[in-house]
Amino acid sequence: MYAIVEIGGHQYKVAENDVLFVDKQNAEDEKLTFDKVLLIKDDNGTVNVGTPVVEGAEISATILDTVKADKVLVFKKKRRKGYQKLNGHRQVMSQIKIESITASGASPKKAAKKEEAPAQKAKAPKAEVKKEQTADLESMTVAELKDLAKDKGLTGYSSLRKAELIEALK
């Protein structure tokens, strides 16, 4: 089983018991959990791709050490001017070990809250659209007319002007 997870803006392919270096992780305790899982492949070959993340998936990890990466040299020079500058930089990294990959069941409270909020938002605009359908099309804005055209199943409405939208909806 392996997973693709986003940690600190970078994507990593991880499996259980993998040890990897990531950007420094600020955590009070040694245990970390990552919930931005982009893909999971099970042992039986099923692939679960997230849109954008896999719901309920979670990666558990432990911080082993905090170290500095190899030195990166930054050399600046302007020719014929006698200007040369050499700087070095060592990025602070955390060495982590992946303990487990959970495909589902991670933080069900967060998932439930996320599902409830869009459901409530989705109900309100539909009620507004029904009220707007009874109103005069001339008094509606272009955005409202486009939403109405989308609800009626019209195609090609995105490039129409207000007068053309009104004509198409009549």
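Sequence positions are assigned chain by chain, starting from 1 and proceeding in written order. Two thresholds apply to this predicted model, a pLDDT of at least 70 for residue-level local features and 80 or more for giving and counting side-chain atom pairs, whereas whole-chain, interface and lining totals are computed over all residues. Only hydrogens and water are removed before side-chain values are computed, so all heavy atoms of the structure are retained for them.

Draft legend 1. Here's a closer look at the sheet that holds strand 4 (residues 31–34). A pair of strands counts as paired when DSSP detects no fewer than two bridges linking them. Numbered from the N terminus, helices here are DSSP runs of H or I no shorter than four residues, and strands are runs of E no shorter than two. Reading across from one edge, 3-10-7-4 is the order of the four strands in this open sheet, with antiparallel pairing throughout. Pairing within the sheet leaves two strands with one partner each, and these edge strands are strand 3 (19–23) and strand 4. Across the sheet, the mean angle separating the axes of adjacent strands is 45 degrees when strand polarity is ignored. By the bridge criterion, five bridges tie strand 3 to strand 10 (residues 92–102) in an arrangement that is antiparallel. Each residue of the ladder has a partner; that of valine 22, found in strand 10, is serine 94. Simply put, an axis is a line fit to the C-alpha atoms, just over the touching stretch for a helix, and the angle between two N-to-C directions goes from 0 to 180 degrees.

Draft legend 2. Representation of the nonpolar core within the structure. Judged by nonpolar contacts, the single largest core of 19 residues is most densely connected at Val5, Val14, Phe34, Ile59 and Ile96. Elements with a minimum of two residues in this core: strand 1 (2–7), strand 2 (10–15), strand 3, strand 4, strand 5 (37–41), strand 7 (58–68) and strand 10. Residues Met140, Ala149, Ile166 and Leu169 belong to the second largest nonpolar core, which totals nine residues. Side-chain atoms within 4.5 Å link the members of a nonpolar core, which is a set of buried Ala, Val, Leu, Ile, Met, Phe, Trp, Tyr and Cys residues. Per-residue accessibility, obtained with a 1.4 Å probe over protein chains only, is compared with the maximum for each type, and a residue is labelled buried under 20%, exposed over 50%, and partly exposed between these values.

Draft legend 3. The sheet that holds strand 1, seen in detail. With respect to topology, four strands assemble into an open sheet ordered 2-1-5-6, the strand pairing being antiparallel. Strand pairing shows two members of the sheet lacking a second neighbour, strand 2 and strand 6 (47–49), which therefore form its edges. The average angle at which neighbouring strand axes cross in this sheet is 15 degrees, direction not considered.

Draft legend 4. Highlighting the pairing of strand 9 (residues 83–89). For strand 8 (residues 72–78) and strand 9, the ladder comprises seven bridges, and the chain directions are antiparallel. The partner of valine 72 across the bridge, within strand 9, is histidine 89. Hairpin connection, strand 8 to strand 9: the antiparallel pair is bridged by four residues, and arginine 80 has positive phi, about 65 degrees.

Draft legend 5. Local environment of the confidence of the model for the chain. When pLDDT is averaged along the chain, the result is 83, and 82% of the positions lie at 70 or above. Summary of the metric used: pLDDT quantifies the predictor's per-residue confidence within the range 0 to 100. Note on definitions: a residue-residue contact is assigned when non-hydrogen atoms from the two residues lie within 4.5 Å. In the predicted structure, residues 107–115 sits below a pLDDT of 50 and forms one contact with residues beyond four places in sequence or in another chain. With pLDDT under 50 throughout, residues 129–134 is counted as low confidence; its partners more than four residues away or in other chains account for five contacts.

Draft legend 6. Broad picture of the packing of aromatic side chains. The rule is short: rings of Phe, Tyr and Trp, with Trp giving its six-membered ring, pair when the centres are within 6.5 Å, and they are stacked under 30 degrees, edge-to-face over 60, tilted in between. By the definition in use, this model includes zero aromatic pairs. Only when the NZ atom of a Lys or the CZ atom of an Arg is both within 6 Å of the ring centre and within 35 degrees of the ring normal do we say a charge sits over the ring. Between lysine 13 and the ring centre of tyrosine 2, over which it is positioned, the NZ or CZ distance is 4.4 Å. When the ring centre of tyrosine 83 is taken as origin, the NZ or CZ atom of lysine 78, which lies over that ring, is 5.6 Å away.

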